[in-house]
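Chain residues, written in single-letter form:
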Amino acid sequence: MASTQGPEVPANLKARLEATYDAIAVTYNKVFADENDPFRGKYTSQMLHFLQQNAPEKASVLELGCGAGVPGTRMLLESKSPEIHVIGNDFSSGQIDLAHQRLGKYEEAGRLEFKKGDMMSLEFPRESFDAAVGFYSIIHLPRDEQTELVNRVVKWLKPGGLLLANFDQKEFNNKVNSKWLDHEKGWAYWSGWGEEGSAKMVEEAGLNILVKEVSRCETDATFVWIIARKPWMGDR
Ligand SMILES: C[S@@+](CC[C@H](N)C(=O)[O-])C[C@H]1O[C@@H](n2cnc3c(N)ncnc32)[C@H](O)[C@@H]1O
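Everything numeric here is computed off the predicted structure, so don't read it as measured data.

1. As for unusual backbone geometry
Part 1 of the argument: Valine 70 connects to proline 71 through a cis peptide bond whose omega is 10°.
Part 2 of the argument: With respect to the helices and strands, the residue proline 71 is situated in the loop between β2 (58-64) and α3 (72-78).
Part 3 of the argument: In the segment running from serine 81 into proline 82, the intervening peptide bond is cis, with an omega of 0°.
Part 4 of the argument: Although it is not a glycine, asparagine 12 sits at a positive phi angle of roughly 55°.
Part 5 of the argument: As for its position among the elements, asparagine 12 is in the loop between β1 (3-5) and α1 (13-32).
Part 6 of the argument: Even without being a glycine, aspartate 182 presents a positive backbone phi close to 60°.
Part 7 of the argument: Relative to the helices and strands, aspartate 182 resides in the loop between β7 (171-177) and β8 (188-193).
Part 8 of the argument: The class for aspartate 182 is exposed, based on a relative accessible area of 75%.

Below you can see the structure in the form of structure tokens.
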């Protein structure tokens, strides 16, 4: 496998990854958008359970790197209690086009909107969301950006708000695969603070961890899944 590890963040990282996902969107979703994916489903159910404890009738959820919207975004939108409004962010038009096709009915119902672009360029007022999720997406950011993003997410969450995300279990600084999924245009990049480092990042950003579990994915990577809650007012 054409894979390298090194200290340098590749030049034009975001543009290259965006082009990759535009090119591989159909392939990626054939391989990974498993309707019955056990991990997205399991941890989304757990996150929804915690969200129900906050008892909102309606909830607003930010999804970072939502991809083609199945199964992750759809699971959120299928929640009846609370009814969820999703803002789905992704920088790949290829992925978002597929998401429009699959989840158009939720857009028409005013329960789904997309914000296309680098998740690091997102801006929201403080306390905008009941939850933020990132399935297999924050792992594509350089590590310092992962830390910065989690800190921003904490500001965007309401008190008691939840973060659900997975991070690479292994600690490594910049990994590139030039033909991920054996695709000619499958140039890809990941980084990670590892199991303990990712938990530390989340806690240092001010969240309390409710779930931290290592689950081996259908790929060759193993991830730590974290659900964490922003303290209620005066809770810290
Ligand atoms: C591995 S896919 C996961 C997609 C979806 N969340 C899922 O569970 O199938 C990663 C997604 O994150 C998006 N992505 C990666 N880096 C991003 C960034 N910096 N800003 C926005 N989207 C990004 C990619 O375009 C891709 O759709």
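2. A closer look at helix α6 (residues 194-204)
One full turn of an α-helix is made of 3.6 residues, so residues set three or four places apart face in the same direction.
Part 1 of the argument: Those residues of α6 lying buried are Gly194, Ser198, Ala199, Met201 and Val202.
Part 2 of the argument: Next to the buried residues of α6 lie α5 (143-156), β6 (157-168), β7, β8, β9 (208-216) and β10 (222-229).
Part 3 of the argument: One or two residues past the end of α6 sits glycine 206, with phi positive at roughly 110°.

3. Brief notes about the sheet that holds strand β3 (residues 83-90)
Part 1 of the argument: The sheet built from 7 strands is open, its strands ordered β4-β3-β2-β5-β6-β10-β9 with mixed pairing. Two strands in the sheet have a free side with no partner beyond their single neighbour: β4 (112-116) and β9. Each neighbouring strand pair of the sheet contributes to a mean axis angle of 15°, computed without reference to strand direction.
Part 2 of the argument: In the sheet, β2 pairs with strand β5 (residues 129-134) via 3 bridges, with the strands oriented parallel. What sits directly across from leucine 62, in β5, is alanine 132.

4. With respect to the pattern of salt bridges
Part 1 of the argument: Tallied over the full model, the rule gives 13 salt bridges.
Part 2 of the argument: Across the salt bridge formed by lysine 14 and aspartate 118, the nearest N and O atoms sit 2.9 Å from each other. Placement of the pair is lysine 14 in helix α1 and aspartate 118 in the loop between β4 and β5, with a sequence separation of 104 residues.
Part 3 of the argument: The class of lysine 14 is buried, set by a relative accessible area of 18%.
Part 4 of the argument: With a shortest N-O distance of 3.6 Å, glutamate 83 and lysine 58 are connected by a salt bridge. You can see glutamate 83 sitting in strand β3 and its partner lysine 58 sitting in strand β2, a full 25 residues away along the chain.
Part 5 of the argument: Connected via shared salt-bridge partners are Lys14, Asp118 and Glu145.

5. Concerning the nonpolar core
Part 1 of the argument: Ranked by size, the top nonpolar core spans 45 residues in total, and within it Met47, Ile84, Leu164, Trp180 and Trp225 carry the most contacts.
Part 2 of the argument: Setting aside its immediate chain neighbours within four residues, leucine 164 contacts Tyr43, Thr44, Met47, Ala132, Val133, Gly134, Phe135, Trp225, Ile226 and Ile227.
Part 3 of the argument: If you look at the next biggest cluster of nonpolar residues, it comprises 28 residues, including Phe124, Val153, Ala199 and Ala228.

6. Some points on the site of the ligand
Part 1 of the argument: Around the ligand, the surrounding shell holds 20 residues, and the nearest of these are Arg40, Gly65, Asp90, Asp118 and Met119.
Part 2 of the argument: Between a nitrogen atom of the ligand and a side-chain N or O atom of aspartate 118, the distance comes to 2.9 Å.
Part 3 of the argument: Within the complex, 98% of the 590 Å² of free accessible area of the ligand lies under protein.
Part 4 of the argument: Among the secondary structure elements, those contributing two or more residues to the shell around the ligand are α1 and β3.
Part 5 of the argument: When grouped by side-chain class, the residues that make up the shell around the ligand number 8 nonpolar, 8 polar and 4 charged.

Reading the values: the criteria
Residues numbered from 1 in each chain as written. Predicted model: local features only at pLDDT ≥ 70, side-chain atom pairs only at ≥ 80, totals over all residues. Heavy atoms only, no water. Helix = DSSP H or I, 4+ residues; strand = E, 2+ residues; numbered from the N terminus. Buried < 20%, exposed > 50% of the residue type's maximum accessible area, 1.4 Å probe, protein only. Contact = heavy atoms within 4.5 Å. Pairing = 2+ DSSP bridges. Axes fitted to C-alpha atoms, helices over the stretch in contact; angles between N-to-C directions. Salt bridge = Lys/Arg side-chain N within 4 Å of Asp/Glu carboxyl O. Core = buried A, V, L, I, M, F, W, Y, C linked by side-chain atoms within 4.5 Å. Near = heavy atom within 4 Å. Polar contact = N/O pair within 3.5 Å; in protein donor to acceptor, adjacent residues only side chain to side chain. Areas by Shrake-Rupley, 256 points an atom, 1.4 Å probe, with all protein chains shown as cover. Nonpolar A, V, L, I, M, F, W, Y, C, P; charged D, E, K, R; others polar.

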